[in-house]
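Below, each chain spelled out in residue letters.
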Amino acid sequence: AQSVAQPEDQVNVAEGNPLTVKCTYSVSGNPYLFWYVQYPNRGLQFLLKYITGDNLVKGSYGFEAEFNKSQTSFHLKKPSALVSDSALYFCAVRDDRGSTLGRLYFGRGTQLTVWP
Amino acid sequence: EAQVTQNPRYLITVTGKKLTVTCSQNMNHEYMSWYRQDPGLGLRQIYYSMNVEVTDKGDVPEGYKVSRKEKRNFPLILESPSPNQTSLYFCASSFQGASYNEQFFGPGTRLTVL
């Protein structure tokens, strides 16, 4: 069965330090992986995605994520955190199998807090 | 401006009183979907539509109905709301519905069922 796990409910980092938000997944076929961010009282915004090719993908606002097939992980990273990065982050996965093309599975979310 | 709109943004209702949450997108997207967000559970997919007149169940379809008569609109219907449907609801759309296309989300509808 398809699923996504975000093992940390909260991540706290100091401004200027690197940040990592973890995500692992399980799919039957090949994964299409996404990161979304939700600011308070807002809808979700797309950050980046992995489809195929280079395992390191770059996205909006200086974020990047590394796809690791052997560890079934897709961790979100940023070299230098900003206070404005504080938000709720969701990892999501879709399966490339035809029968479940419309399904998108989200993790429970990780609250990132960057303190000055 | 390209966007997904939802109405109403906030709604308080009582058990059993039928309601509809509207969703509309102006990007000519084929794919649309509804999610509910609950603390500690993340987002769970309720229903999705790959195109006009094509809808399918997500993870938590019980108690909900949808229809897709036009490409731009995808209303969510609660025929007999119950308190366990109190939640934050998001509508989303994407181009073509292919697995690799990112979704655009509406601002959310906060529903309280008393």
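Calculation notes
- Residues numbered from 1 in each chain as written.
- Chains lettered and ligands numbered in written order.
- Predicted model: local features only at pLDDT ≥ 70, side-chain atom pairs only at ≥ 80, totals over all residues.
- Heavy atoms only, no water.
- Helix = DSSP H or I, 4+ residues; strand = E, 2+ residues; numbered from the N terminus.
- Rg over C-alpha atoms; globule rule 2.2 N^0.38 Å.
- Buried < 20%, exposed > 50% of the residue type's maximum accessible area, 1.4 Å probe, protein only.
- Contact = heavy atoms within 4.5 Å.
- Areas by Shrake-Rupley, 256 points an atom, 1.4 Å probe, with all protein chains shown as cover.
- Phe/Tyr/Trp six-rings, centres within 6.5 Å; stacked < 30°, edge-to-face > 60°.
- Lys NZ or Arg CZ within 6 Å of the ring centre and 35° of its normal.
- Disulfide = S-S within 2.5 Å.
- Salt bridge = Lys/Arg side-chain N within 4 Å of Asp/Glu carboxyl O.
- Pairing = 2+ DSSP bridges.

Student: Provide a residue-level description of the overall build of chain A, including the pertinent values.
Tutor: A tally of helices and strands in chain A yields 0 helices and 12 strands. Listed N to C, the secondary structure of chain A is β-β-β-β-β-β-β-β-β-β-β-β in terms of helices and strands. Its C-alpha atoms give chain A a radius of gyration of 14 Å, near enough to 13 Å, the size a compact globule of 116 residues would have. Principal axes of the C-alpha set define a box for chain A whose edges measure 45 × 30 × 20 Å. For chain A, the proportion of its 116 residues judged to be buried stands at 49%. Taking contacts inside chain A between residues at least 6 apart in sequence as the whole, the part at least 24 apart equals 57%. Approximately 5,400 Å² of chain A is accessible, and the part contributed by carbon and sulfur atoms is 48%.

Student: With reference to specific residues and values, describe the packing of aromatic side chains.
Tutor: Across all of its chains, the model carries 15 aromatic pairs over all chains by this definition. Taken together, a centroid distance of 5.5 Å and an interplanar angle of 85° make the contact between Phe-106 of chain A and Tyr-35 of chain B edge-to-face. In this pair, Phe-106 of chain A is assigned in strand E11 (residues 105-106) and Tyr-35 of chain B in strand E4 (residues 31-38), connecting two distinct chains. A residue is classified by how much of its surface remains accessible, and Tyr-35 of chain B, at 0% relative accessible area, is buried. By the ring-pair criterion, three or more aromatic residues cluster together here, those being Phe-34, Tyr-36, Phe-46, Phe-90 and Phe-106 of chain A together with Tyr-35, Phe-90 and Phe-105 of chain B. Across the ring face of Tyr-31 of chain B, the terminal group of Arg-94 of chain A is positioned such that the distance to the ring centre comes to 5.0 Å.

Student: Summarise the state of the cysteines; cite the residues concerned and give the values.
Tutor: Residues and elements named next belong to chain B. According to the stated counting rule, one finds 2 disulfides over all chains in the structure shown. One disulfide in the model links Cys-23 with Cys-91; its S-S distance is 1.8 Å. Residues Cys-23 and Cys-91 are joined by a disulfide whose S-S torsion is about -75°; by sign, that bridge is left-handed. Taken together, the residues span a long stretch of sequence, with Cys-23 in strand E3 (residues 19-25) and Cys-91 in strand E9 (residues 87-94) at a distance of 68 residues.

Student: So what's going on with the pattern of salt bridges? Which residues, and what values?
Tutor: All names here are of chain A. Here the structure, examined in full by the defined rule, presents 9 salt bridges over all chains. Of the charged contacts in the structure, one is a salt bridge between Lys-58 and Glu-64, with a shortest N-O distance of 2.9 Å. Residues Lys-77 and Glu-66 are paired through a salt bridge, measuring 3.4 Å at the closest nitrogen-oxygen approach. Pair noted here: Lys-77 is in strand E9 (residues 73-78) and Glu-66 is in strand E8 (residues 64-68), with a separation of 11 residues, a long-range link.

Student: Break down the pairing of strand E12 (residues 110-115) of chain A for me, citing the residues and quoting the values.
Tutor: All names here are of chain A. Going residue by residue along E12, you find Thr-110, Leu-112 and Val-114 tucked away on one face and Gln-111, Thr-113 and Trp-115 left uncovered on the opposite face. As defined by bridge partners, strand E2 (residues 10-14) adjoins E12 across 5 bridges and the pair is classed as parallel. Residue pairing across strands places Gln-10 opposite Gln-111, the latter belonging to E12.

Student: Tell me about the pairing of strand E10 (residues 87-95) of chain A, and please be specific about residues and values.
Tutor: Residue and element names in this part refer to chain A. Taken across its 9 residues, E10 has 9 buried, putting it largely inside the fold. When strand E5 (residues 31-38) meets E10, the two strands line up antiparallel, connected through 8 bridges. Paired with Leu-33 across the two strands is Val-93, which belongs to E10. The sheet contact formed by E10 and E12 spans 3 bridges and is antiparallel. Opposite Leu-88, over in E12, you have Gln-111 as the bridge partner.

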